[in-house]
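# Coordinates in review
Chain by chain, the residues run as shown.
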Amino acid sequence: MNLVFWIFLSLMLGYVLLMLGPLVGGVIALGIVMGTLFRGLYLLNDIHKRLKGIAPGKGRVGEVYEEYLNVRGRAGEERENS
């Protein structure tokens, strides 16, 4: 039922914007769309910050794995140069 309400409200807003004319209606529609996009970007940034604080940092296992990859990469370079 909530979805039907928002669809109906959007239709009414679109009708009002069409009646205002292309310039005024376009400016208002652009403002609504850009405001929605910026709000979504702000919320995504906020979620990213919160998850970054919750997620565990690299532990000993991650450090050893990166060291292994670095050594393995250097060994592969040495074989190629031989």
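Residues numbered from 1 in each chain as written. Predicted model: local features only at pLDDT ≥ 70, side-chain atom pairs only at ≥ 80, totals over all residues. Heavy atoms only, no water.

### Notes on helix H1 (residues 2-20)
Test applied: A run of H or I in DSSP becomes a helix once it reaches four residues, and a run of E becomes a strand once it reaches two; helices and strands are each numbered from the N terminus. Given the number of residues in a helix, its expected span is that number minus one, multiplied by 1.5 Å.
Between the first and last C-alpha of H1 there are 27 Å, a value that for 19 residues agrees with the 27 Å anticipated at 1.5 Å per step. Where H1 ends, the next residue or the one after it, glycine 21, has phi of about 110 degrees, a positive value.

### Here's the deal with the pattern of salt bridges
The following threshold applies: Salt bridge, as used here, is a side-chain nitrogen of Lys or Arg placed within 4 Å of a carboxyl oxygen of Asp or Glu. For the exposure calls, accessible area comes from a 1.4 Å probe over protein chains only, and a residue counts as buried if that area is under 20% of its type's maximum, exposed if over 50%, partly exposed in between.
Evaluated as defined, the whole model comprises 2 salt bridges. One salt bridge in this structure joins arginine 50 and aspartate 46, with 3.4 Å as the shortest N-O distance. In this pair, arginine 50 and aspartate 46 are both assigned in helix H2 (residues 22-54), 4 residues apart and thus about one turn of the helix distant. Owing to a relative accessible area of 26%, aspartate 46 belongs among the partly exposed residues under this scheme. For glutamate 63, the salt bridge identified is with arginine 60, shortest N-O distance 3.9 Å. A residue pair is termed a helical-turn pair when its members lie 3 or 4 positions apart in one helix, as glutamate 63 and arginine 60 do in helix H3 (residues 60-81) at 3 residues. Its relative accessible area of 60% is what places arginine 60 among the exposed residues.

### Some words on the packing of H1 against H2
Let me state the cut-off plainly: Fitted lines through C-alpha atoms give the axes, limited to the stretch in contact for helices. The angle between two N-to-C directions lies from 0 to 180 degrees. Between two residues, a contact is recorded if the distance between any of their heavy atoms is within 4.5 Å.
Remark: H1 packs on H2, axes separated minimally by 6 Å, with the N-to-C direction vectors making an angle of 140 degrees. Between H1 and H2, the residues in contact are Leu13, Leu17 and Leu20 and Val24, Gly25, Ile28, Ala29 and Ile32, respectively.

### Digging into the packing of aromatic side chains
Spelled out, the test is: Centres within 6.5 Å are what make two rings of Phe, Tyr or Trp a pair, Trp counting through its six-membered ring; a difference in plane orientation under 30 degrees is then read as stacked, over 60 as edge-to-face, and the rest as tilted.
One pass over the structure, following the stated rule, counts 1 aromatic pair. Centroid distance phenylalanine 5 to tryptophan 6: 5.4 Å. Interplanar angle 70 degrees. Geometry classified as edge-to-face.

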